[in-house]
Amino acid sequence: MRVVVDLSDRLMDTIVVPVGGKDDAISTSESLLPYLDETTHVIVVYVVEKAGGAPDKASVEQREEYAEDLFGLIERKFMEEGRDPPESKVLYGTDVPEAVFGFADEAGASSVVFVPRSSGLLDRTLTGDVAYSLITENNIPVVVLPSRDT
Amino acid sequence: MSDEELAKDLGLLAALTIGVGTMIGAGIFVLPGPAAEVAGPIVALSFVIGGGISLFTAMSASELGTAMPKAGGSYYYVNHALGPLFGTVAGMGNWMGLAFASAFYALGFGSYLDVFFPLPRIYLLSPGQVGALLAGAFFVGVNYVGAKETGRVQNFIVISLVGILTVFVGASLLEADPSKLMDFAPRGYDAVLPATALIFVSFLGFVKITTVAEELKNPDRNLPIAVIGSVVIVTVIYALVMVTMMAVLEWDVIAQTDTAVVDVARVVLGPVGASVLVFAGLLATASSANASILASSRINFAMGRDKLVSNWLNEIHERYSTPHRSISFTGFLILLFITLGDVESLAKAGSVLHLIVYGLLNVALIVMRESNAPYEPSYTVPFYPIVPLLGAVTSFGLIAFMATVEIALSGLFVFGAIVWYFVYAGRHADKEGVLMQMLRRSERIPESVASSSTANPSGQDYRVMVFLSKPETERGMISLASAIAKQRGGMVDAVHIVQVPDQTPLQAGAKHRDEIDAASGMLLESARRDAETFGVPVKTSTIVSHRLYEEMFDAAREHEADLAVVGWLETAHWSPGRAEGVLDELTRSLPCDFLMFKDRGYDTSHILVPTAGGPDSELSVSVAKLLRMEHDSKLTLLNVVPDESLRGEAREFLNAWARDIGIEVESQDVDLVVDVGDVEDVIQERAEDASLLLLGATEEGLLRRLVTGSIVHDVVDKVDCSVVMAEKKRSRSLLAKIFG
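Conventions and cut-offs
- Starting afresh in each chain, residues are numbered from 1 along the sequence in its written order.
- Chain A is the first chain written and ligand 1 is the first ligand written, with later ones labelled in order.
- Local features in this predicted model are restricted to residues of pLDDT 70 or higher, and side-chain atom pairs are both shown and tallied only at a pLDDT of 80 or more, whereas totals for entire chains, interfaces and linings draw on every residue.
- Note that the side-chain values use all heavy atoms of the structure and ignore hydrogens as well as water.
- The way it works is that DSSP assigns letters per residue, a run of H or I at least four long becomes a helix, a run of E at least two long becomes a strand, and they are numbered from the N terminus.
- For the exposure calls, accessible area comes from a 1.4 Å probe over protein chains only, and a residue counts as buried if that area is under 20% of its type's maximum, exposed if over 50%, partly exposed in between.
- Here, two residues are considered to be in contact whenever any of their heavy atoms come within 4.5 Å of each other.
- For accessible areas, the Shrake-Rupley method is used with a probe of radius 1.4 Å. Any residue's cover is judged against the shown protein chains and nothing else.
- The quantity known as pLDDT measures the predictor's confidence residue by residue, on a range of 0 to 100.
- Centres within 6.5 Å are what make two rings of Phe, Tyr or Trp a pair, Trp counting through its six-membered ring; a difference in plane orientation under 30 degrees is then read as stacked, over 60 as edge-to-face, and the rest as tilted.
- Think of it as a cone above the ring: NZ of Lys or CZ of Arg counts as a charge over the ring if it is within 6 Å of the ring centre and within 35 degrees of the ring normal.
- Only buried Ala, Val, Leu, Ile, Met, Phe, Trp, Tyr and Cys residues count toward a nonpolar core, and they belong to the same one when joined by side-chain atoms within 4.5 Å.
- Salt bridge, as applied in this entry: a Lys or Arg side-chain nitrogen positioned within 4 Å of an Asp or Glu carboxyl oxygen.
- Under the scheme applied, nonpolar residues are Ala, Val, Leu, Ile, Met, Phe, Trp, Tyr, Cys and Pro; charged residues are Asp, Glu, Lys and Arg; polar residues are all the others, including Gly.
- Should DSSP find at least two bridges between two strands, the strands are taken to pair.
- To obtain each axis, a line is fitted to C-alpha atoms, and for helices this fit is confined to the stretch in contact; angles are then taken between N-to-C directions over 0 to 180 degrees.
- A patch consists of residues whose relative accessible area exceeds 30% and which take part in no salt bridge; residues with like charges are grouped when within 9 Å of each other, and nonpolar side chains (Val, Leu, Ile, Met, Phe, Trp, Tyr) when within 5 Å.
- His residues and chain termini do not enter the charge count, which takes Lys and Arg as positive and Asp and Glu as negative.
- For this purpose, a charge sits on NZ of Lys, CZ of Arg, CG of Asp or CD of Glu.
- The labels follow the angle: roughly parallel below 35 degrees, roughly antiparallel above 145, roughly perpendicular from 65 to 115, and oblique for the rest.
- Crossing handedness follows the turn of the near helix against the far one: under a right angle anticlockwise gives a left-handed crossing, and clockwise gives a right-handed one.
- Method remark: on a 1 Å grid restricted to protein atoms, a set of points is classed as a cavity if a 1.4 Å probe fits but cannot get out and as a pocket if it is open with protein on both sides within 12 Å along at least five of seven lines; lining residues have an atom within 4 Å of a point.
- Grid points are joined across faces, edges and corners, and a volume is the space filled by probe spheres set on the points.

Trainee: I'm lost on the overall build of chain B in this one. Help?
Mentor: Secondary structure summary: chain B contains 29 helices and 10 strands in total. In chain B, buried positions account for 59% of the 740 residues. Long-range contacts, defined here as pairs at least 24 residues apart, represent 84% of the contacts in chain B between residues at least 6 apart. Total accessible area on chain B stands at roughly 29,100 Å², and carbon and sulfur atoms take up 60% of it.

Structure representation (structure tokens):
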């Protein structure tokens, strides 16, 4: 006997959408919007990466302000499409995927949705391949959306 | 773990290592040679004096840091207390000081690198400079990319350094020959202070802890321990190392070398020991340079937030999440300074600029203590005001022992900062120093900002704050505020104060942030829309607090509001015992003009202003004037006299007074009315035709009388129209402040 589960319904129930920068926020909104149902509960998150016991690479307050800017950009994109602005949340953690999935779990999210950023080998070496970690270290479904500019 | 715990992850050890790690690089590994040259073995005393000067400032920085754990540290305190002019000087001084110091550390690194791998000489650049440029570029690159590992490496480096130096001192003691110290002050005692000026760069670092205060765990405890503790630790290490080194090798031998520690180590620990010390020198200078670059970007950010530098500088990198422009720009300066400078002049230029900042920081503490601005440090300096006074005097005083060139160079930077203030920062800065507020408040006569057009010539900063509570009253209050702001060419600052019960800790309140945010968001969004229909700029924010009224006053003060619009205070919320005490204290000085709005619909078609003249009615009349300009309202000025014989005199007075204030008395829709009878009855009768009743405060203080129930509520309750009560900004007189 086979049990067929229609994943598409449940996947877009409550989604957690991580964004990392201004360009990323805009391209993520553009990619995401066409896939949203009327009822999809969207929570956009930005992770303030912590050094975990040493001074950070940038001020926490500075990155919190940055996060607000990103959320504002996304909000505008959503409103342009006639949708209510998504919920947004600043997360803190030493490891980006860990923070995202930890929160997604807490929020009872049905999936984590993101748009991978194209990055060269150098960047991946320097910053770690976050996209790869997101699809390999997950505890809930991950939806990878195509970037609209490609 | 809560967000709070995750965001604040620097423990005591990490904080100590920032301080110790930054400082230890310079003093021990670079300066023994030049310092011995200036003073001989007595330079140990110079280090102790340098430590003493630093200790005063460390105590002051700790107090300020626990009161304001904000990114930016010393810059932030100076700007907050002394205003944007001194803020610009402190911020630029600190920034340039760090760039000079970083160049100095990089040069130290270069000379140690040269010991390991002999470096080439390129054109005019010495091998040490070549190494320094490589190192500088590397540190800047690491910070540009923002490798989070650097921080953790730092802890390891500092602990190893302290260990290596302990072994070094121990071994040196065994080899020490006290007779070499016989000539303890070969250049005389006069050389001690100039030597202190030279080595002071060894102490730049303890204040850096305050630049990351926002990230500290339990800053109330850890900040003072780390700041003061790191000064004490390095002072002891410096003094011991200096004395023992010069007991091993004669001071005039040490004076000949840039890497004296290595030469001494070769004697006491052999070639292996020497290599370990070279390695330690590399680590120490690297960690100093790295921490300085990191700290400078925090200062840029804090200055950008106060609009003293363009936010362009503080843009976050799309991918690395680092303030990349700030780091590149600072990096460019560091490389420039390495190319142009030598070890000694870089060290001193860095010190002079830091000393200016330290001096200002001590002054800032005194201003904060003397003002009545909100200020609650959990650590307080002992022997106030002696400690901050000594801190300021010794910091500024030590500058006198620098060479003229360095003083002139630093003077040039200070001048540059002042020029920057006048061409850029002063026009953009949106914060006013506590000092300025203090000076203004001590004037006996309160200025009425709303009534005089000269009080705020630019109009740019005229800020009307609106304290929203309920959605029902939002539109009326915003309309009132926007109309005034529009006429004044200012802005509306809408604040939603969410009061949580005392039993709920604010932390827990913050957990319900999402719910609060949602409710607040809707309220503030409609506030924004309503304000925008008037075409005035609007800013919105939410404050979660236990204390509704105190928070209102604090916020008005902090946001530097010129006028606050509040809803009708409901006295029922107050338990009499508490209310009186708190409000008594609060209302003795109003931070700005207040309008209290009893909203029965925002209708300004006919405004009634009862007045008996005098400065207290001026606010209500000028508000009426502004509303009239915005809405073409009909205006009635009413004066009530007890009997007929006074009518003529009253009319004359009213006419003259209205003209003075700038009401066009000839206009068709302005009525000046003098009535005979009981004040309340007349007002009530006249209010029947009016759509808005504007009442001025009297001497006693309106808010207080209202809350304590002594005001006649009848008038407000008996009339059918909306009512605005106006009360002017008021300050306790200077005498009352001192003797009250």
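Having seen the structure, we can now continue with the description.
Trainee: What should I look at first to understand the confidence of the model for chain B in this one?
Mentor: Residues and elements named next belong to chain B. For chain B, the mean per-residue pLDDT works out to 81, and 86% of the residues sit at or above 70. Mean pLDDT in chain B bottoms out at helix H29 (residues 734–739), which sits at 38, and peaks at helix H16 (residues 386–399), which reaches 95. Under a pLDDT of 50 for its full length, residues 699–712 has, in the predicted model, 37 contacts with residues more than four places off or in other chains. Low confidence marks residues 732–740, where pLDDT is under 50. Its contacts with residues over four positions away, or in another chain, come to 13 contacts. For this predicted complex, the interface confidence comes out at an ipTM of 0.86, alongside a pTM of 0.67.

Trainee: Which parts of the structure should I look at to understand the packing of aromatic side chains?
Mentor: Here the distance between the centres and the angle between the planes together describe a pair of aromatic rings. All names here are of chain B. Tallying each qualifying case throughout the model produces 17 aromatic pairs over all chains. With a centroid separation of 5.1 Å and 55° between ring planes, the pair formed by Phe47 and Tyr238 is classed as tilted. Within this pair, whereas Phe47 is found in helix H4 (residues 43–67), its partner Tyr238 is found in helix H11 (residues 219–248), the two being separated by 191 residues in sequence. Each member of the pair, Phe47 as well as Tyr238, is classed as buried. Aromatic rings pair up to connect Phe47, Phe200, Phe203, Phe206, Tyr238 and Tyr358 into one cluster. We note Arg369 situated over the ring of Tyr384; from NZ or CZ to the ring centre the distance is 4.2 Å. It is Arg488 that lies over the ring of Tyr462; its NZ or CZ is 4.3 Å from the centre.

Trainee: What exactly am I supposed to notice about the nonpolar core here?
Mentor: The tendency in soluble globular proteins is for nonpolar side chains to be buried as a group. Residue and element names in this part refer to chain B. Of all hydrophobic cores here, the largest spans 155 residues; its most connected members are Ile24, Phe29, Phe104 and Phe168. For this core, the element with the most residues is helix H13 (residues 260–305), which contributes 20 residues. The contact partners of Ile24, leaving out residues within four places of it in the chain, are Phe29, Leu161, Leu165, Val234, Ile237, Tyr238 and Ala284. Within the second largest apolar cluster, 49 residues are counted, among which are Ile478, Val492, Leu595 and Ile661.

Trainee: Help me understand the interface of chain A and chain B, please; the structure alone is not making it clear to me.
Mentor: How big an interface is tends to be stated in terms of the accessible area lost upon association of its parts. With 35 residues of chain A in contact, the opposing surface of chain B contributes 34 residues. At the junction of chain A and chain B, the tally comes to four salt bridges. Where Glu61(A) meets Arg305(B), a salt bridge forms, and the shortest distance between an N and an O atom there is 2.2 Å. At the level of elements, helix H2 (22–32), strand E2 (41–49), helix H3 (60–80), strand E3 (87–93) and helix H5 (121–127) of chain A are the ones that each hand at least two residues to the side of chain A that touches chain B. Ranked by residue count, the leading element in the side of chain A that touches chain B is H3(A), at six residues. Split by residue class, the side of chain A that touches chain B holds 10 nonpolar, 10 polar and 15 charged.

Trainee: It is not clear to me how the sheet that holds E3(A) should be interpreted in this structure. Could you clarify?
Mentor: Paired through backbone hydrogen bonds, the strands of a sheet run either parallel or antiparallel to each other. Residue and element names in this part refer to chain A. Pairing within the open sheet is parallel, and its five strands lie in the order E3-E2-E1-E4-E5. Each having just a single partner strand, E3 and strand E5 (142–144) make up the two edges of the open sheet. Averaged over all adjacent pairs, the angle separating strand axes in this sheet is 30°, with direction ignored. Note: E2 against E3, seven bridges, orientation parallel. What sits directly across from Ile43, in E3, is Glu87. Each of strand E1 (14–18), E2 and strand E4 (111–114) is contacted by H2, which is oriented at about 150° to E1, the strand it contacts most.

Trainee: Where do I start with a negative patch on the surface in this structure?
Mentor: A surface patch of negative charge is lined by Asp678(B), Asp681(B), Glu685(B), Glu688(B), Asp689(B) and Asp720(B). Here Asp681(B) lies in helix H26 (residues 679–687).

Trainee: Please clarify how the environment of Ala195(B) should be interpreted in this entry.
Mentor: Residue and element names in this part refer to chain B. Tracing the sequence through the fold places Ala195 in helix H9 (residues 192–199). The sequence separation of Ala195 and Gly50 amounts to 145 residues, and the corresponding C-alpha distance is 9.5 Å. Once residues within four sequence positions are removed from consideration, Ala195 is found in contact with Val38, Ala39, Val43 and Ser46.

Trainee: How should helix H3 (residues 32–39) of chain B be read in this particular structure?
Mentor: One full turn of an α-helix is made of 3.6 residues, so residues set three or four places apart face in the same direction. Across the eight residues that make up H3(B), a large majority, six, are buried. All of the buried residues along H3(B) are Pro32(B), Gly33(B), Pro34(B), Ala35(B), Ala36(B) and Ala39(B).

Trainee: What should I look at first to understand the environment of Trp657(B) in this one?
Mentor: All names here are of chain B. By the secondary structure assignment, Trp657 is in helix H25 (residues 647–661). A relative accessible area of 9% places Trp657 in the buried class. In sequence terms Trp657 and Ala612 are 45 residues apart; their C-alpha atoms lie 9.9 Å from each other.

Trainee: It is not clear to me how the pairing of strand E9 (residues 692–696) of chain B should be interpreted in this structure. Could you clarify?
Mentor: One face of the sheet, then the other: side chains in a regular strand alternate in exactly this way. Residue and element names in this part refer to chain B. With respect to burial, E9 is a largely interior element, four of its five residues being buried. Inspection of the sheet shows E9 paired to strand E10 (residues 722–727) by five bridges, in the parallel sense. Residue pairing in the sheet places Gly696 in a bridge with Ala726 of E10.

Trainee: Could you clarify how one ought to interpret unusual backbone geometry in this entry?
Mentor: A negative phi angle characterises most non-glycine residues, just as the trans form characterises most peptide bonds. All names here are of chain B. Following Tyr384, the chain continues into Pro385 via a peptide bond in cis, with omega recorded as 0°. Structurally, the position occupied by Pro385 is in the loop between helix H15 (343–370) and H16. Backbone geometry places Glu560, a non-glycine residue, at a positive phi of 55°. Assignment of secondary structure puts Glu560 in the loop between helix H22 (548–558) and strand E4 (563–567). Unusually for a residue other than glycine, Asp632 sits at a positive phi of about 55°. You can see Asp632 is positioned in the loop between helix H24 (615–631) and strand E7 (634–641).

Trainee: Quick question: what am I supposed to make of the packing of H3(B) against H9(B) here?
Mentor: Axis angle and axis distance: for two packed helices, these are the angle between their axes and the distance between the axes, and together they describe the pair. Residues and elements named next belong to chain B. The contact between H3 and H9 brings their axes to 9 Å, and the two run at 165°. Relative to H9, H3 is oriented roughly antiparallel. Considering how the two elements wind past one another, H3 and H9 form a crossing that is right-handed. Contacts from Pro34, Ala35, Val38 and Ala39 in H3 reach Pro194, Ala195, Leu198 and Ile199 in H9. Here the contact of H3 with H9 is composed, by residue class, of eight nonpolar, no polar and no charged.

Trainee: Before we go on, may I ask you to explain empty space enclosed by the protein in this structure?
Mentor: Unoccupied space between atoms shows up once a probe the size of one water molecule is rolled over them. For the coordinates displayed, the defined rule picks out seven cavities of 30 Å³ or more. Together, 12 residues line the largest cavity, and Pro55(A), Ile18(B), Asn290(B), Ala291(B) and Leu294(B) are the ones closest to its centre. Every element with two or more residues in the lining of the largest cavity is listed here: helix H8 (149–175), helix H10 (208–211) and H13 of chain B. If one sorts the elements of the lining of the largest cavity by residue count, H13(B) sits on top with five residues. Tallied by class, residues from the lining of the largest cavity come to six nonpolar, four polar and two charged.

Trainee: How should H2(A) be read in this particular structure?
Mentor: Those residues of H2(A) that fall on the buried side of the exposure criterion are Asp24(A), Ala25(A), Ser27(A), Thr28(A), Ser29(A), Ser31(A) and Leu32(A). Against E1, E2, H3 and E4 of chain A lie the buried residues of H2(A).

Trainee: Can you help me understand the pattern of salt bridges in this one?
Mentor: When charged atoms on two side chains of opposite charge get close, those side chains can pair. Counted according to the given criterion, the structure contains 20 salt bridges over all chains. Of the charged contacts, one joins Lys22(A) and Glu315(B) as a salt bridge, the two residues approaching to 3.7 Å between their closest N and O atoms. Of the two residues, Lys22(A) is situated in helix H2 and Glu315(B) in the loop between H13 and helix H14 (324–340); the pairing between them involves two chains. For Glu315(B), a relative accessible area of 23% gives the class partly exposed. Between Asp9(B) and Lys50(A) there is a salt bridge whose closest N-O contact spans 3.4 Å. You can see Asp9(B) sitting in the loop between helix H1 (3–7) and helix H2 (12–29) and its partner Lys50(A) sitting in the loop between E2 and H3, one on each of two chains. When its relative accessible area of 1% is taken as the criterion, Lys50(A) is described as buried. Shared partners join several salt bridges into a network, and the residues in it are Lys50(A), Asp56(A), Arg63(A), Asp9(B), Glu215(B) and Arg298(B).

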